[in-house]
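What follows is each chain in one-letter form.
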Amino acid sequence: MSRASAQGFAISKRIDRHFSVFLLAQCGVTVALAIWFTALTAGFLRWAEQAALMMLCGVVLLYLGRRRLLTLHADAGQQQDQDKLLHQAYHDNLTDLPNRSSLEHALDEAVQQARLADGAVACLYINIDGLRCTNEMFGHRVGDELLIEAVRRIRLRIHANDMFGRWGGDKFVVVVRRSLDRAGLQALASEIVSTTRQPHTCAGHPLSTSIAIGIAQVPMDGGNRETLLSAAERAMHWMKREGGNGVRFAEDMLERGEVRTRILTDKLQRAFMADALGLVFQPIFGPDGNVVAAEALSRWTDPEEGPISPAEFIPMAESTGLIVPLNEWVLRQSCRQMRQWMDAELDIHRVAVNVSVLQAWRGDFADSVASILAETNLPPERLELEVTESALCRDFELVKKNLQRLRQMGVGISIDDFGTGYSSLGRLREFDADVLKIDRIFVNGASESANGVKLVEAIIGMAHSLDLKVVAEGVETQEQLDLLNHLGCDFFQGFLLSRPVSAEDLSEQLREMSAMSAA
């Protein structure tokens with residue numbers, strides 16, 4: 001044998017001897033197995049190494065398989081634990097009914113779907129009475145048995161599409177997600193009362209319960225989960241005061257006017273979300289009879305009831321907090337319209353927008369106005385904000401700070417409905433306003449008595465002494481207009497001169513004015 005052949009044989013022998021250790025150390029189990037099988041099938045190893053390799057592979061594969069089975073078993077157990085925890089998080093421990101969190105989510109979802117699809121949803125608020133007495137007489141174990149039996153009976157009357165859950169203690173809620181009319185809801189609730197009031201036998205004791213159910217519906221009793229549950233709960237307590245074992249509807253507790261308010265409030269919210277409100281403009285005239293500005297006014301026409309008076313829907317918006325986004329919408333639309341009038345070179349100086357009390361009290365009010373002006377590319381001096389006198393009576397320093405910032409930006413400030421609030425003349429001076437608007441009650445009074453004339457004259461004189469311009473609202477007769485002109489009033493607004501009109505109609509009126517001036 002040559003020296004080279006001998007060296008090659010020695011090297012091969014050393015590789016065979018240390019093959020397993022080398023592969024495991026350098027490549028890991030998975031790669032080593034792959035190389036082993038390749039070497040085995042290619043005939044690179046002798047039979048002894050082949051046998052050892054096959055045994056080693058079997059052991060490794062058995063180990064890996066067992067480890068995988070243990071992992072799968074652990075994962076399955078962990079998933080079961082997670083499912084159990086999730087179920088416990090959303091279900092009552094005693095009755096296994098959906099708990100309060102589940103009911104709130106289901107009711108929110110049902111109300112939202114009803115709004116989008118113009119559908120129906122109702123809430124049954126159930127109180128099972130008699131459990132406390134059972135707990136005191138026979139112990140909580142018997143009381144729990146009585147509760148579970150009552151729940152079992154109620155469950156039998158609940159439709160698969162509805163949700164029956166435990167609100168807490170002896171209070172339960174059924175979310176009816178079907179289109180049931182009043183008669184259908186009455187029948188369902190009566191069945192629940194009938195089946196639950198039948199005597200129960202628990203731990204050998206004949207026991208009975210009393211049940212009271214209050215029913216509230218969307219939209220007549222509320223437009224969201226909170227108002228719906230509140231209405232149903234009040235109806236339930238009303239039924240309890242009458243002795244229980246019966247059903248009451250929330251709408252039966254309200255006077256006709258309250259029912260209408262609830263219905264219109266919900267409709268108003270839906271109309272606003274659907275961008276179904278409108279905007280009109282009432283011109284403000286100078287002494288020469290020309291339009292100098294226009295006050296923006298929101299309008300709402302319900303598809304079923306027709307036009308709804310602002311005197312009716314504005315208080316609804318204020319009571320629900322909708323007035324802030326509603327007035328922001330009016331402000332944005334008014335600024336856009338004023339920009340259009342400017343681009344068309346129509347002769348109108350300002351657009352006036354009412355500010356609600358809630359807006360004036362917000363710390364970010366001035367920033368919100370600045371943002372809308374920038375968005376609509378409207379110069380600040382083309383906007384006038386009308387703040388009611390009542391807004392000056394609370395959080396005076398905050399309102400003052402907001403108005404001062406707006407004045408520094410160039411926005412005009414008008415004090416609306418002057419004389420109807422409680423602000424002092426001293427505070428009025430601090431606001432550095434541009435315009436004072438005399439309320440219509442004083443305008444009407446000026447045409448009826450000498451004292452009324454003196455009062456209006458005093459208001460105009462005081463305003464002029466503070467360098468304020470004066471706008472008289474509610475001018476409805478020629479006599480009023482002539483008198484106000486004589487007293488030195490600066491601007492006039494009212495049905496005698498013009499009713500609120502659309503932006504298109506006012507644009508046409510402005511074009512006619514321009515044509516007449518040019519002639």
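The structure under discussion appears in the preceding block.
Computed from a predicted model, the values in this text were never measured in an experiment.

## Notes on the nonpolar core
- Formed by 77 residues in total, the largest nonpolar core has its most connected members in Phe 281, Trp 341, Leu 383, Leu 385 and Leu 406.
- It is helix 11 (residues 323–343) that contributes the most residues to this core, ten residues altogether.
- In contact with Leu 383, other than residues within four places in its own chain, are Leu 331, Cys 335, Arg 350, Val 351, Val 353, Val 369, Leu 373, Leu 378, Val 411 and Gly 412.
- If you look at the next biggest cluster of nonpolar residues, it comprises 29 residues, including Ile 158, Val 174, Ala 189 and Leu 207.

## Some details on the sheet that holds strand 6 (residues 210–218)
- The five strands lie next to each other as 2-3-1-6-7, forming an open sheet whose pairing is mixed. If you trace the sheet from one side to the other, it starts and ends with strand 2 (163–168) and strand 7 (246–249), each paired once. Pairs of neighbouring strands in the sheet enclose a mean axial angle of 20°, with direction left out of account.
- Strands strand 1 (121–129), strand 2, strand 3 (171–176) and strand 6 of the sheet are contacted by helix 6 (residues 140–155), whose axis makes an angle of about 150° with strand 2.
- Of the strands in this sheet, strand 1, strand 3, strand 6 and strand 7 touch helix 7 (residues 182–197), which is tilted by about 160° from strand 6.

## Some thoughts on the packing of helix 13 (residues 365–376) against helix 14 (residues 396–409)
- In contact at an axis separation of 8 Å, helix 13 and helix 14 are set at 30° when each is read in the N-to-C sense. The angle between helix 13 and helix 14 places the two elements in the roughly parallel class. Across from Phe 365, Ala 366, Asp 367, Val 369, Ala 370 and Leu 373 in helix 13, the residues of helix 14 making contact are Asn 402, Arg 405, Leu 406 and Met 409.
- Looking at side-chain class alone, the contact of helix 13 with helix 14 contains seven nonpolar, one polar and two charged residues.

## Observations concerning unusual backbone geometry
- In this structure, the amide linkage connecting Val 218 to the following residue, Pro 219, adopts the cis form with an omega of 10°.
- Tracing the backbone shows Pro 219 in the loop between strand 6 and helix 8 (225–241).
- In the Ramachandran plot, Asp 275 falls in the positive-phi region, its phi being about 55° despite a non-glycine side chain.
- Positionally, Asp 275 belongs in the loop between helix 9 (256–273) and strand 8 (278–285).
- Residue Asn 377 is not a glycine yet carries a positive backbone phi of 60°.

## Here we look at the pairing of strand 15 (residues 469–472)
- Across four bridges, strand 14 (residues 435–438) lies against strand 15 in parallel orientation. If you follow Leu 436 over to strand 15, its bridge partner there is Val 470.
- Crossover handedness for the path strand 15 to helix 18 (residues 478–486) to strand 16 (residues 491–492): right-handed.

## Concerning the pattern of salt bridges
- Under the counting rule described, the total for this entry stands at 28 salt bridges.
- For Glu 104, the salt bridge goes to Arg 100, with nearest N and O atoms at 3.7 Å. Of this pair, Glu 104 and Arg 100 both sit in helix 4 (residues 100–117), four residues apart, which is roughly one turn of that helix.
- Residue classification places Arg 100 among the partly exposed positions, given a relative accessible area of 42%.
- Residue Glu 375 pairs with Arg 332 through a salt bridge whose shortest N-O separation is 3.1 Å. Here Glu 375, found in helix 13, pairs with Arg 332, found in helix 11; they are 43 residues apart in sequence, far enough to count as distant.
- The class of Glu 375 is partly exposed, set by a relative accessible area of 44%.
- Among the charged side chains, a salt-bridge network with shared partners connects Arg 100, Glu 104, Asp 108, Arg 225 and Glu 226.

## Brief notes about the side chain of Lys 267
- Take Lys 267: it is sitting in helix 9.
- We classify Lys 267 as buried; its relative accessible area is 16%.
- There is a polar contact of 2.8 Å between the side chain of Lys 267 and the side chain of Glu 304.

## So, helix 14
- Spanning 14 residues, helix 14 covers 20 Å between terminal C-alpha atoms, matching the ideal 20 Å at 1.5 Å per step.
- For helix 14, every residue scored as buried is listed here: Phe 396, Val 399, Lys 400, Asn 402, Leu 403 and Leu 406. Along the axis of helix 14, the buried residues cluster in a sector spanning 165°; they form a single face. Of the residues in helix 14, the exposed ones pointing more than 90 degrees away from the buried face are Glu 397, Lys 401 and Gln 408.

## Comments concerning the pairing of strand 6
- Burial of strand 6 is extensive: nine of the nine residues sit out of reach of the surface.
- By the alternation rule, side chains of strand 6 split into Ser 210, Ala 212, Gly 214, Ala 216 and Val 218 and Ile 211, Ile 213, Ile 215 and Gln 217, which are all buried.
- Pairing analysis gives nine bridges linking strand 1 to strand 6, with the strands arranged antiparallel. Each residue of the ladder has a partner; that of Asn 127, found in strand 6, is Ala 212.
- Pairing analysis gives four bridges linking strand 6 to strand 7, with the strands arranged parallel.

## Regarding the packing of aromatic side chains
- Counted by the stated rule, this structure contains three aromatic pairs.
- Geometrically, the ring pair formed by Phe 164 and Phe 172 is tilted, given 5.8 Å between the ring centres and 35° between the ring planes.
- Its relative accessible area of 6% is what places Phe 164 among the buried residues.
- Taking relative accessible area as the criterion, Phe 172 reaches 0% and is therefore assigned buried.
- Aromatic side chains Trp 300 and Phe 313 sit 5.9 Å apart centroid to centroid with 90° between the ring planes, which places their arrangement in the edge-to-face category.

Parameters at a glance
Sequence order as written defines the numbering, with residues in each chain counted from 1. Reporting in this predicted model follows two pLDDT cut-offs: at least 70 for local features of residues, and 80 or more for side-chain atom pairs to be given and counted; totals over whole chains, interfaces and linings ignore these cut-offs and use all residues. Side-chain measures were taken over the full set of non-hydrogen atoms in the model, leaving aside hydrogen atoms and water. Note on terminology: a nonpolar core comprises buried Ala, Val, Leu, Ile, Met, Phe, Trp, Tyr and Cys residues joined through side-chain atoms within 4.5 Å. Think of it in three bands: residues with accessible area under 20% of the maximum for their type are buried, residues over 50% are exposed, and the middle band is partly exposed, with areas taken using a 1.4 Å probe on protein chains only. Only DSSP runs of H or I covering at least 4 residues are called helices, and only runs of E covering at least 2 are called strands; the numbering of each starts at the N terminus. In this description, contact between two residues means that some pair of their heavy atoms is separated by no more than 4.5 Å. Strands are labelled as partners when DSSP assigns at least two bridges between them. Angles run from 0 to 180 degrees between N-to-C directions of axes, and those axes are lines fitted to C-alpha atoms, restricted for helices to the stretch in contact. The cut-offs work like this: below 35 degrees is roughly parallel, past 145 is roughly antiparallel, 65 to 115 is roughly perpendicular, and the gaps in between are oblique. Amino acids are sorted into nonpolar (Ala, Val, Leu, Ile, Met, Phe, Trp, Tyr, Cys and Pro), charged (Asp, Glu, Lys and Arg) and polar (every other residue, Gly among them). By the criterion used throughout, a crossover qualifies as right-handed when its path from the first strand across the helix to the second strand runs clockwise, the strands pointing away from the viewer. The rule for a salt bridge is simple: a side-chain nitrogen of Lys or Arg has to be within 4 Å of a carboxyl oxygen of Asp or Glu. The term polar contact refers here to a pair of N or O atoms within 3.5 Å; inside protein, the definition further demands a hydrogen-donor-capable atom paired with an acceptor-capable atom, and it admits residues adjacent in sequence only when both atoms are side-chain atoms. Multiply 1.5 Å by the residue count of a helix minus one, and that product is the helix's expected span. For this quantity, the arc is that covered by the directions from the helix axis to the C-beta atoms. Here a pair means two rings of Phe, Tyr or Trp (six-membered ring of Trp) with centres within 6.5 Å. Their orientation is stacked below 30 degrees between planes, edge-to-face above 60, and tilted elsewhere.

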